[in-house]
Amino acid sequence: MRMQVKNISKSYNGNPLYSDFSMELSEGIITCILGPSGCGKTTLLNIIGKLITPDSGKLTGFDDKLFSYIFQDPRLLPWKTVMGNIEFVLSRNLSSEERKNQAERLIRLVELEGFADYYPSQLSGGMRQRVSIARAFACPSDVILMDEPLSGLDIALKQNMIRWFSKIWKSDKRTVIFVTHDVDEALLLGNEIVVLSQAPARIVAHENINEPVGNRSMEEPHLKKLRQLLLNALGQLN
Ligand SMILES: Nc1ncnc2c1ncn2[C@@H]1O[C@H](COP(=O)(O)OP(=O)(O)OP(=O)(O)O)[C@@H](O)[C@H]1O
Ligand SMILES: [Mg+2]
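Owing to the predicted nature of the structure, the values given are computational and were not obtained by experimental measurement. (Residues numbered from 1 in each chain as written. Chains lettered and ligands numbered in written order. Predicted model: local features only at pLDDT ≥ 70, side-chain atom pairs only at ≥ 80, totals over all residues. Heavy atoms only, no water.)

Things to note about the site of ligand 1
- Ligand 1 sits among Y12, L17, P36, S37, G38, C39, G40, K41, T42, T43 and E148.
- S37 places a side-chain nitrogen or oxygen 2.6 Å from an oxygen atom of ligand 1.
- At a separation of 2.9 Å, an oxygen atom of ligand 1 approaches a polar backbone atom of G40.
- When isolated, ligand 1 has an accessible area of 640 Å², and the protein chains bury 56% of it.
- No other element matches the 3 residues that helix 1 (residues 41-48) contributes to the shell around ligand 1.
- Among the residues making up the shell around ligand 1, the classes are represented as 4 nonpolar, 5 polar and 2 charged. (Near = heavy atom within 4 Å. Polar contact = N/O pair within 3.5 Å; in protein donor to acceptor, adjacent residues only side chain to side chain. Areas by Shrake-Rupley, 256 points an atom, 1.4 Å probe, with all protein chains shown as cover. Helix = DSSP H or I, 4+ residues; strand = E, 2+ residues; numbered from the N terminus. Nonpolar A, V, L, I, M, F, W, Y, C, P; charged D, E, K, R; others polar.)

Listed below in structure tokens is the structure:
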């Protein structure tokens with residue numbers, strides 16, 4: 001099924017970020033929205049998550065959807081442990097045993113066994129972000145909205161984070177909308193990549209990647225070619 005953003009417009013102080021903008025999103029895949037800083041990616045995610053109302057236009061196919069977020073900063077509850085943060089968002093319909101099992105499974109998937117009783121202040125930034133990934137999947141949401149959760153991490157940590165995210169997503173293929181300005185992140189994680197222009201945003205490229213998420217190498221000729229294409233679309237190629 002498709003979810004659609006239809007003919008939306010949104011301006012701030014007379015500057016149009018979106019003007020009659022439309023896009024479609026597929027369920028059960030990772031859609032990367034790639035665009036330059038300030039083009040309105042966070043605003044679009046917030047419109048989709050119903051945190052912001054557009055000036056005009058509408059969303060269809062989103063009515064009954066529940067959202068969970070992964071932000072750039074992990075935003076964990078500091079007074080709850082790793083286990084507590086994850087259990088907190090699990091469905092209330094689960095028995096206490098099921099809650100424990102699910103939380104433990106997610107903690108294992110992000111390789112934080114042994115840290116379940118730690119508080120966020122006792123973890124590194126990367127470990128906190130892993131908890132926030134596990135928490136987003138613990139939440140019984142239909143759609144996970146990710147706003148540049150990898151920016152600010154060093155390359156090695158970013159690669160590991162992509163590995164942890166891919167592992168958890170493969171075990172639960174939730175609809176994900178992932179916003180980034182980093183071409184390589186989009187190439188490693190996206191099933192579809194939508195490139196936005198500077199504001200007012202237009203879609204300047206829309207690509208599909210068939211190679212499975214989690215098993216991709218930037219050395220693959222197809223991905224190298226796609227990288228050039230996306231950089232061109234972003235206007236970053238010298
Ligand atoms: N609440 C607001 N009030 C006024 N202007 C806003 C508001 N929210 C966003 N803007 C403006 O809209 C533009 C787009 O913002 P947005 O945060 O959506 O961009 P972005 O693509 O997410 O950028 P980045 O990649 O830097 O995170 C910016 O120029 C910003 O100043
Ligand atoms: Mg942003």
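A word on helix 3 (residues 96-109)
- Its 14 residues give helix 3 an end-to-end C-alpha distance of 20 Å, which sits within 8% of 20 Å, the value for a rise of 1.5 Å per residue.
- Listing the buried residues of helix 3 in full gives R99, A103, L106, I107 and L109. Taken around the axis of helix 3, the buried residues stretch over an arc of 160°, which confines them to a single face.
- Along its buried surface, helix 3 packs onto helix 2 (82-89), helix 4 (125-138) and helix 5 (155-170).
- One or two steps after helix 3, the chain reaches E111, where phi turns positive at roughly 55°. (Expected span 1.5 Å × (residues − 1). Buried < 20%, exposed > 50% of the residue type's maximum accessible area, 1.4 Å probe, protein only. Arc of directions from axis to C-beta. Contact = heavy atoms within 4.5 Å.)

A short note on the domain arrangement of the chain
- What the domain assignment reports for the chain is domain 1 (2-65 + 142-234) and domain 2 (77-141).
- If you average the C-alpha positions of domain 1 and of domain 2, the two centres end up 25 Å apart.
- With 15 residues of domain 1 in contact, the opposing surface of domain 2 contributes 16 residues.
- Buried surface at the junction of domain 1 and domain 2, both sides included, amounts to about 1400 Å², of which 65% is carbon and sulfur.
- The largest contributions to the domain 1 side of the interface with domain 2 come from W164, I168 and R174, which together make up 41% of the buried area.
- There are 2 salt bridges connecting domain 1 and domain 2. (Domains from an automatic or database assignment. Buried area = accessible area lost by both parts, 1.4 Å probe. Salt bridge = Lys/Arg side-chain N within 4 Å of Asp/Glu carboxyl O.)

Let's talk about the pattern of salt bridges
- Throughout the structure, instances matching the rule amount to 14 salt bridges.
- Among the salt bridges present, the one from R163 reaches E111, with a minimum N-O distance of 3.2 Å. Here E111 lies in the loop between helix 3 and helix 4 and R163 lies in helix 5, a separation of 52 residues in the sequence.
- With relative accessibility at 29%, the residue E111 sits in the partly exposed group.
- Between D182 and K158 there is a salt bridge, with the nearest N and O atoms lying 3.3 Å from each other.

A look at the environment of Q72
- Looking at the secondary structure, you find Q72 in the loop between strand 5 (67-70) and helix 2.
- Overall, Q72 belongs to the partly exposed group, its relative accessible area being 44%.
- On a C-alpha basis, the gap between Q72 and M146 in space is 8.2 Å, while along the polypeptide they are 74 residues apart.
- For Q72, the side chain forms a polar contact with the side chain of S151, separated by 3.2 Å.

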